[in-house]
Number of protein chains: 2
Amino acid sequence: MGFQESFPLWDRLQPDQQHRLIEAVGLRSVKKGTVLRDAHTPCGDLCLIRTGRLSAGLISDEGREFTLYRLFAGDLCLFCASGIIPTLRFEIIVRAETDATLWRIPKRHYQSLMAESAAVANFTNELIASRFTEVMGRIEQLMWQGLDRRVAAFLLRETEIEGSAELRITHEAIAHHLGTQREVISRLLSGFRDAGLVTMTRGRITIVNKGGLEAVRA
Amino acid sequence: MGFQESFPLWDRLQPDQQHRLIEAVGLRSVKKGTVLRDAHTPCGDLCLIRTGRLSAGLISDEGREFTLYRLFAGDLCLFCASGIIPTLRFEIIVRAETDATLWRIPKRHYQSLMAESAAVANFTNELIASRFTEVMGRIEQLMWQGLDRRVAAFLLRETEIEGSAELRITHEAIAHHLGTQREVISRLLSGFRDAGLVTMTRGRITIVNKGGLEAVRA
């Protein structure tokens, strides 16, 4: 698919807006692990994901991480660019979770579209609202759910994303996603293993009782 | 101040938009404690605060609460109306923290302004982004800060809002704001008292060492 088919608002732009946009867009390939935005990596481009997957999270002064949401092919990452909305002021780390290709839309270009088109402004509204909704879900998990439920939910979501019950993921990486320590995750996973929910080998976790894990999550 | 002076975008509306808006707006007085929006109280109006103060928070199935942010005179509460942005889908409780008077803007009316005016759409963007930024601040506190820092920050913020070092607030209410149990708050406050930071009498907490409390928060 080309940019025109992937950019959600393409058909609602005026011909001259389409022309200016297509002139400005560039393509970028990034390796797994590449940081696209953090406090030390200001970035002037919005990214529309062509292939691959990004994650967005918080990072503490001590380097602890906490994943807020993931973005997939066809998703637009507003937060890849800093300061797209003046009142949106928080530090976030955006990273490629897999090798990825991204269409880059220069920030100033997108901002001028927003200023002149109610359709683009309202679309941006809906994008921010979607991320806000995801973050609110995370805060509810944090407030009201025990870590066992959160780990079960994470593993189930991963099998869905990867399309496989066998996950190549370290305890460290799960701790990063959930904003806790590796030891805590290892202890919980050992409990899951003892209950017959998962098996583990080095760097791999296999879900062997999906229903049981769903019961923990519920 | 009248509605026209208080509505942030008034001067950027067309005369016919101004006319339609002023026709649609109503005034509502609410008592302290009134719930303006929750899962059982869908509300079709946005509210612009004329006097008083609102709080917005999460509420668990078991009735535990967690304050996300506060709104003051001149603030517009988008979340008072449900479903203003289709992708903004989370349950929130909005409550009057004091007696308040509110200008009510019917949701459908505001949505039609958003659809036709890039200025209104971008203003709405900035409003959502402001709340998002506040919520991100709360999630960072939850993730990385101990409860002692959060209680100190809460007390200091309250004295600022109330303009007084003597706060009429129960331990239960503080627990609600911070999403924890009363006993936990009482234990922490006793620690603050023993350290000479606050004094307590029934239903009242007085900050007697502001610098000390700031050091706990830092």
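K.L.:
Explanation requested: the overall build of chain A in the structure shown.
P.N.:
Helix and strand content of chain A: eight helices and eleven strands. Its C-alpha atoms put chain A at 60 × 35 × 30 Å along the principal axes. Relative to its full complement of 218 residues, chain A shows a buried share of 50%. Within chain A, contacts between residues at least 6 apart in sequence are counted, and of these 71% link residues at least 24 apart. Here chain A displays about 10000 Å² of accessible surface, and carbon together with sulfur accounts for 47% of that area. Each charge sign in chain A was given a centre, from 28 positive and 26 negative side chains, and these centres are 3 Å apart.

K.L.:
I would appreciate a short explanation of the pattern of salt bridges in the present structure.
P.N.:
Side chains that carry opposite charge are capable of pairing whenever their charged atoms lie near each other. In the structure shown here, the tally under the stated rule is 31 salt bridges over all chains. The salt bridge involving E162 of chain B is made with R53 of chain B; its shortest N-O contact spans 3.2 Å. Within this pair, whereas E162 of chain B is found in helix α5 (residues 147-162), its partner R53 of chain B is found in the loop between β3 (45-51) and β4 (54-59), the two being separated by 109 residues in sequence. Classification of R53 of chain B by relative accessible area gives buried; the value is 10%. In this structure, E97 of chain B engages R70 of chain B in a salt bridge whose closest nitrogen and oxygen atoms are separated by 3.2 Å. On the criterion of sequence distance, the pair formed by E97 of chain B in the loop between β7 (93-96) and β8 (100-106) and R70 of chain B in strand β5 (residues 65-71) is long-range, its members being 27 residues apart. Each member of the pair, E97 of chain B together with R70 of chain B, is buried. It is possible to trace a salt-bridge network through shared partners that takes in R53, R70, E97, E158 and E162 of chain A.

K.L.:
Explain the domain arrangement of chain A here, please?
P.N.:
Frequently, the measure chosen for interface size is the accessible area removed from exposure when the parts meet. Residues and elements named next belong to chain A. The domains assigned to chain A are domain 1 (3-143) and domain 2 (145-217). Listed per partner, the contact involves 14 residues of domain 1 and 14 residues of domain 2. When domain 1 packs against domain 2, the two sides together hide about 1100 Å² of surface, and 39% of this comes from carbon and sulfur. The interface formed by domain 1 and domain 2 contains two salt bridges. At the surface where domain 1 touches domain 2, the tally comes to seven residue pairs in polar contact (both at pLDDT 80 or more). For the side of domain 1 that touches domain 2, the secondary-structure elements that each account for two or more residues are β5 (65-71) and α4 (118-144). Across the side of domain 1 that touches domain 2, the residue classes break down as four nonpolar, three polar and seven charged.

K.L.:
Just checking my understanding: could you explain the relation of the copies chain A and chain B for this structure?
P.N.:
Related by rotation about an axis and a shift along that axis, the two copies of the chain form a pair. The two copies are related by a screw motion: chain A maps onto chain B through a turn of 180° and a shift of 0.0 Å along the axis, at an RMSD of 0.0 Å. The operation mapping one copy onto its partner corresponds to a two-fold rotation axis. Every residue of chain A has its C-alpha some distance from the rotation axis, and the shortest such distance is that of A118 of chain A, at 1.9 Å.

K.L.:
Hey, could you run me through the interface of chain A and chain B in this one?
P.N.:
Each partner contributes to the interface: chain A provides 40 residues, whereas chain B provides 40 residues. Both faces combined, the contact of chain A with chain B buries some 3400 Å², and carbon together with sulfur accounts for 75% of it. Linking chain A with chain B are zero salt bridges, by the criterion used here. Where chain A packs against chain B, one counts eleven residue pairs in polar contact (both at pLDDT 80 or more). Every element with two or more residues in the side of chain A that touches chain B is listed here: β4 (54-59), β5, α3 (107-116) and α4 of chain A. Per element, the largest residue contribution to the side of chain A that touches chain B is 20 residues, and it comes from α4 of chain A. Across the side of chain A that touches chain B, the residue classes tally to 23 nonpolar, nine polar and eight charged.

Here is what the cut-offs are and how they apply
Residues numbered from 1 in each chain as written. Chains lettered and ligands numbered in written order. Predicted model: local features only at pLDDT ≥ 70, side-chain atom pairs only at ≥ 80, totals over all residues. Heavy atoms only, no water. Helix = DSSP H or I, 4+ residues; strand = E, 2+ residues; numbered from the N terminus. Buried < 20%, exposed > 50% of the residue type's maximum accessible area, 1.4 Å probe, protein only. Contact = heavy atoms within 4.5 Å. Areas by Shrake-Rupley, 256 points an atom, 1.4 Å probe, with all protein chains shown as cover. Lys, Arg positive; Asp, Glu negative; His and termini not counted. Charge placed at Lys NZ, Arg CZ, Asp CG, Glu CD. Salt bridge = Lys/Arg side-chain N within 4 Å of Asp/Glu carboxyl O. Domains from an automatic or database assignment. Buried area = accessible area lost by both parts, 1.4 Å probe. Polar contact = N/O pair within 3.5 Å; in protein donor to acceptor, adjacent residues only side chain to side chain. Nonpolar A, V, L, I, M, F, W, Y, C, P; charged D, E, K, R; others polar. Least-squares fit on C-alpha atoms with pLDDT ≥ 70 in both.

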